[in-house]
Amino acid sequence: MECLSNQQIQDYIEKNGSFVERSIIRDHLIVCEKCQLRYKQYLQMENILTDPEYVVPPERIEKNVMKKIYSRFPAYSSLLSLIAASFVLLVSWIYIYFDFANNSLIQALKMTSDNTSSWIASVIKIISTIFSSVYAIYKTVSKFFDILFNINIGIEIFSLSILILTLILFYAIYQLVFKPSRRQKI
Amino acid sequence: MILDDDQVLIKNILGGKKSSFEELMKKYNKKIYNFVLRMVRDEEVSIELTQDFFIKIFSVLHKYNFQYKFSTWAYRICYNLVIDYIRRNQAYVDSLNDDSISQKRLVESKNIISENGFDKLEKDEIKEYLWKTVDLIPLKYRELIWLRYLQELKYDEIAQIADLPVGTVKNRIFKAKELLRKEIEKDGMFE
């Protein structure tokens, strides 16, 4: 049999090829000193390559990545949350104070907004829907208390409850969004 | 569909779990950093590229297809990042087309041997010598050696990462080992 090619020896070391092919190579290696030498050289090399030494990565890689990834999100979201919460708070109070559901200006705006396609009209519609729902809940709760406990909940108490709930929501957003980003900056 | 460990972590990351991303980074940091370091041969650049890699992974994680192995997808992103960097730096481009071992760098590697003499070399020194010799072979072979032995990837995975046919990957790794064996033999490093 002719001597083995380097490719055959490498394949044998990497356990490639069929059982028959591997058996032929093994038998040849037993009898051929020349191929045996090359086989040993490749094997020695393979043993070193399969056991590489790793450099320990600097700790700052993980720290920097976490800082970059998780600090930029609170920065944007906190600003948006602040705007959203302020908007909710402001609109709540104006709406409740003036009882806009029955206000002729809003009624007129609602009617005109049906003929416009601007996003402002949509936002007004959404706010109007939310507060109509809230107002309906108020009416229900008020009726419930009136029937069961003979207590009349005024719009003032109800709006105070909404204010407290808004403040709790505001505080929760602050805790969730603002606090972590500050900690990261330190 | 059964998810592997990496995919479970990805699900959690996409669900907003910060600690899962930390865990994923811990798992891949060492291998990615070492691959980048071997490829670009500059510590500061390697740190920056490794950071860029993880940030990139995070920003495109929602595009990951759970039908494929995460490591292959991630290594492909890493590989492209490194290759882009290398291509932007003209000094490396020449080595892509050069099939011979750089004589100038070979001298640096052989200094390890001449200081000690072959007979007195310890196992660790032989190891160091071999890995330094890998550094001297052309990039198109060297990068596949790193993927195969440093990242412990299979031929088909390497083919997907480097965007090459499996046959080409096998041939290049074979050629790389040929170059290494000849060099080591020439230096009388084999036992």
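About the criteria used
- Residues numbered from 1 in each chain as written.
- Chains lettered and ligands numbered in written order.
- Predicted model: local features only at pLDDT ≥ 70, side-chain atom pairs only at ≥ 80, totals over all residues.
- Heavy atoms only, no water.
- Helix = DSSP H or I, 4+ residues; strand = E, 2+ residues; numbered from the N terminus.
- Buried < 20%, exposed > 50% of the residue type's maximum accessible area, 1.4 Å probe, protein only.
- Contact = heavy atoms within 4.5 Å.
- Areas by Shrake-Rupley, 256 points an atom, 1.4 Å probe, with all protein chains shown as cover.
- Axes fitted to C-alpha atoms, helices over the stretch in contact; angles between N-to-C directions.
- Parallel < 35°, antiparallel > 145°, perpendicular 65-115°, else oblique.
- Nonpolar A, V, L, I, M, F, W, Y, C, P; charged D, E, K, R; others polar.
- Polar contact = N/O pair within 3.5 Å; in protein donor to acceptor, adjacent residues only side chain to side chain.
- Salt bridge = Lys/Arg side-chain N within 4 Å of Asp/Glu carboxyl O.
- Patch = residues over 30% accessible without salt bridge, like charges linked within 9 Å, V, L, I, M, F, W, Y side chains within 5 Å.
- pLDDT = per-residue confidence, 0-100.
- Phe/Tyr/Trp six-rings, centres within 6.5 Å; stacked < 30°, edge-to-face > 60°.
- Core = buried A, V, L, I, M, F, W, Y, C linked by side-chain atoms within 4.5 Å.

Enquirer: Tell me about the overall build of chain B, and name the residues and values.
Expert: Within chain B, the regular secondary structure consists of ten helices and zero strands. Starting at the N terminus, the α and β elements of chain B follow one another as α-α-α-α-α-α-α-α-α-α. In chain B, which comprises 191 residues, the proportion classed as buried is 52%. Sequence separation of at least 24 residues holds for 65% of the intrachain contacts in chain B that already meet a minimum separation of 6. Counting every atom, chain B has about 9,600 Å² of accessible surface; 47% of that belongs to carbon and sulfur.

Enquirer: Give a detailed account of the packing of helix 1 (residues 6–13) of chain A against helix 10 (residues 166–186) of chain B, specifying residues and quantitative values.
Expert: Across the interface, helix 1 of chain A lies against helix 10 of chain B with an axial gap of 11 Å and an inter-helix angle of 105°. If you check the angle between helix 1 of chain A and helix 10 of chain B, you find them roughly perpendicular. Two secondary-structure elements touch here, helix 1 of chain A through Asn6, Gln7 and Gln10 of chain A and helix 10 of chain B through Asn171, Phe174, Lys177, Glu178 and Arg181 of chain B. The class makeup of the residues in the contact of helix 1 of chain A with helix 10 of chain B is one nonpolar, four polar and three charged.

Enquirer: An account of the side chain of Glu157 of chain B is requested, with residue identities and associated values reported.
Expert: Residues and elements named next belong to chain B. Checked against the element boundaries, Glu157 lands in helix 9 (residues 155–162). Engagement of the side chain of Glu157 in a polar contact is seen with the side chain of Lys69, the distance being 2.8 Å. Once residues within four sequence positions are removed from consideration, Glu157 is found in contact with Lys69 and Thr72.

Enquirer: Account for the interface of chain B and chain A, naming residues and giving values.
Expert: Taken together, the 42 residues of chain B in the interface contact 33 residues of chain A. When the shortest N-O distance is used, the salt bridge between Asp51 of chain A and Lys127 of chain B registers 2.9 Å. Taken together, the connections running from chain B to chain A amount to 18 residue pairs in polar contact (both at pLDDT 80 or more). Within the residue set of the side of chain B that touches chain A, elements represented by two or more residues are helix 2 (18–40), helix 3 (43–60), helix 7 (123–136), helix 8 (139–150) and helix 10 of chain B. Counted by class, the side of chain B that touches chain A contains 21 nonpolar, five polar and 16 charged residues.

Enquirer: Let's hear about a nonpolar patch on the surface: which residues, and what values?
Expert: Taken together, the side chains of Phe144, Leu148, Phe149 and Ile151 of chain A make up a nonpolar region of the molecular surface, amounting to roughly 420 Å² of accessible area. When you line up the elements, Phe149 of chain A lands in helix 6 (residues 119–149).

Enquirer: Break down the confidence of the model for chain B for me, citing the residues and quoting the values.
Expert: Residue and element names in this part refer to chain B. Per-residue confidence for chain B gives a mean pLDDT of 81, with 80% of residues at or over 70. At the level of individual helices and strands, chain B shows its lowest average pLDDT in helix 6 (residues 103–116), which scores 48, and its highest in helix 3, which scores 92. When the criterion is pLDDT under 50, residues 96–107 qualifies, and its contacts beyond four places in sequence or with other chains add up to 20 contacts.

Enquirer: Describe the packing of aromatic side chains, naming the residues involved and giving the relevant values.
Expert: All names here are of chain B. Scanning the model with the defined rule gives eleven aromatic pairs over all chains in all. Note on Phe21 and Phe58: the rings are 5.1 Å apart at their centroids and 80° apart in plane angle, and the pair reads as edge-to-face. Here Phe21, found in helix 2, pairs with Phe58, found in helix 3; they are 37 residues apart in sequence, far enough to count as distant. Neither Phe21 nor Phe58 differs from the other in exposure class; each is buried. Between Tyr64 and Trp73, the ring centres sit 5.2 Å apart and the planes meet at 55°, which makes this aromatic pair tilted.

Enquirer: Any details on the nonpolar core? Residues and values, ideally.
Expert: Judged by nonpolar contacts, the single largest core of 80 residues is most densely connected at Phe21, Phe53, Phe70 and Ile145 of chain B. When neighbours within four sequence positions are excluded, Phe21 of chain B is seen to be in contact with Val65, Met66, Ile69 and Tyr70 of chain A together with Ile13, Phe54, Ile57 and Phe58 of chain B.

Enquirer: Describe the side chain of Ser142 of chain A, and please don't skip the residues or the numbers.
Expert: Take Ser142 of chain A: it is sitting in helix 6. Ignoring anything within four residues of it in the chain, the contact list for Ser142 of chain A reads Ile151, Asn152 and Ile153 of chain A.

Enquirer: So, unusual backbone geometry: which residues are in play, and what are the values?
Expert: In this structure, Lys15 of chain A takes a positive phi of about 60° despite not being glycine. The topology assignment puts Lys15 of chain A in the loop between helix 1 and helix 2 (19–31). On the basis of relative accessible area, Lys15 of chain A is assigned to the exposed category, the value being 64%. Despite not being glycine, Asp163 of chain B shows a phi value in the positive range, around 55°. Within the secondary structure, Asp163 of chain B sits in the loop between helix 9 and helix 10. By relative accessible area, which is 56% here, Asp163 of chain B ends up exposed.

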